[in-house]
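This is what each chain is made of:
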Amino acid sequence: MAEFFSSIPVIKYEGAGSTNPLAFKYYNADEVVAGKPMKEQLKFALSWWHTMGGDGTDMFGVGTADKTWGESSPEARAKAKVDAAFEIMTKLGIEYFCFHDRDLSPEYGSLAETNAKLDEVTDYIAEKMKADPTKKLLWGTAKCFDHPRFMHGAGTSPSADVFAFTAAQIKKAVEATVKLGGKGYVFWGGREGYETLLNTNMALELDNIEPKPKEPTKHQYDFDTATVLGFLRKYGLDKDFKMNIEANHATLAMHTFQHELRVARDNGVFGSIDANQGDMLLGWDTDQFPTNVYDTALCMYEVLKAGGFVNGGLNFDAKARRGSFTPEDIFHSYIAGMDAFALGLRIADKMISDGRLDKFVEDRYASWNTGIGADIIAGKATMADLEKYALEKGEVLDSLSSGRQEMLESILNNIMFSL
Ligand code: XLS
Ligand code: CA
Ligand code: CA
């Protein structure tokens, strides 16, 4: 089999002092951090759409990167993509991947023919996974948005025929996911709004919904974690679904990434992560490789506090910029993202073992542990009880102490830069 990236070696950990651009400075797969090897804490995944298919096309220009993998027929290209993806994963030490059905195999004439061709590609992937069991499917999904039939939506289409087609496509995508031993399946609303098609009746370890507030439409139903949670509770599905939280979607919803993760964790619906970052000056879903270490540290703090990933992981729903168009840039992008998350994990572990931040929060809320606070939490205090308490107590201003915002930010810097 042809090697696609003959000039790229297997990427190794060389430590923070290394200046080799094709080496990890912080990601050391087998090193134990917070009780588990880094590769198990981070569970990195390659996204088939951006990495194997995305050529840098945007609304102002054609593609800049060659993602044909040396093949012109769709069948041969789909298989070459598999070979190239496995080579990328092996060289980077990435064990998981994620796909949309159409990333694996495009549409052909009819749905039946499309499904049959998809089966050929998933058979091929299954064979490769058998030969190399370190490669695993994190999640699959259906691409119900780029074909013109989805111009008015998929699950939200005014056409019942389009709805039925969407259901058929999702059923097949779930089957492909199950066939490849996928840990989960992701519903992403977007233009297509396929939350309406949630009931797949197929056993998967993890069904996820991925919130996103806007783009391509200016308002989307699955706005953020809290909105999706409300939707799930309305239909009694909150025990069946968890969230796939994407960093760039959090900021489009005017939330921090950490906020979205915390809402999910507090409500027991934290599932998986799409690891990327947006451009704060653009307000558009730019899906950049994550390099902001404050974000990755606060993200990994939430992941560790949630008990780590179970069936989820860190999927790089991220693409190299249009100007970073060479095959080597794929590796630089992943190294940047993996090292940023490795640093984030190391910092998060230290935030927890250092204890200053958690202790501050604990002390701040200590009044809820005893006396009137404990009675309120236990649901024992009535409004009349609280009125009596407040009348007797008098002014309560001196029960407050400083929020110490600046001190806390400085502690975080201290932890980050004394690793
Ligand atoms: C698009 C979404 C998409 C999902 C999978 O904005 O991020 O890529 O993750 O359909
Ligand atoms: Ca995503
Ligand atoms: Ca995105």
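What you see is a predicted model, and the numbers here were worked out from it, not measured in a lab.

About the cut-offs
- Residues numbered from 1 in each chain as written.
- Chains lettered and ligands numbered in written order.
- Predicted model: local features only at pLDDT ≥ 70, side-chain atom pairs only at ≥ 80, totals over all residues.
- Heavy atoms only, no water.
- Phe/Tyr/Trp six-rings, centres within 6.5 Å; stacked < 30°, edge-to-face > 60°.
- Helix = DSSP H or I, 4+ residues; strand = E, 2+ residues; numbered from the N terminus.
- Buried < 20%, exposed > 50% of the residue type's maximum accessible area, 1.4 Å probe, protein only.
- Lys NZ or Arg CZ within 6 Å of the ring centre and 35° of its normal.
- Donors = N, O, S within 2.8 Å, 3.2 Å for Na, K, Ca; no water.

Novice: Tell me about the packing of aromatic side chains, residues and numbers included.
Specialist: Between two aromatic rings, the relevant description is the distance of the centres plus the angle of the planes. Inspection of every chain in the model, using the stated rule, returns 19 aromatic pairs. With a centroid separation of 5.0 Å and an interplanar angle of 75°, the aromatic rings of phenylalanine 5 and phenylalanine 331 are classed as edge-to-face. On the criterion of sequence distance, the pair formed by phenylalanine 5 in the segment before strand S1 (12-13) and phenylalanine 331 in helix H11 (residues 327-354) is long-range, its members being 326 residues apart. Its relative accessible area of 3% is what places phenylalanine 5 among the buried residues. The buried category is assigned to phenylalanine 331, whose relative accessible area is 0%. Following the ring pairs from residue to residue traces out a cluster consisting of Phe24, Tyr27, Phe44, Phe289, Phe316, Tyr334 and Phe341. Here the guanidinium or amino end of lysine 79 rests over the ring plane of tyrosine 124, the centre of that ring lying 5.5 Å away. One Lys or Arg, lysine 117, reaches over the ring of tyrosine 108 and ends 5.2 Å from the middle of that ring.

Novice: Talk me through the coordination of the calcium ion (ligand 2); I want residue IDs and the actual numbers.
Specialist: The coordination sphere of the calcium ion (ligand 2), as far as protein atoms go, consists of Glu210 (OE), Glu210 (OE), Glu246 (OE), Asp274 (OD) and Asp317 (OD), spread over 2.1 to 3.1 Å. Summarised as a motif, the one-chain spacing of the donors to the calcium ion (ligand 2) is E-x35-E-x27-D-x42-D. If you look at the calcium ion (ligand 2) and the calcium ion (ligand 3), they sit 4.7 Å from each other and are both ligated by glutamate 246. With glutamate 210 in strand S9 (residues 206-210) and aspartate 317 in the loop between strand S12 (314-316) and H11, the pair connects residues that are 107 residues apart, well separated along the chain. Each member of the pair, glutamate 210 as well as aspartate 317, is classed as buried.

Shape is all these values report; function is a separate question.
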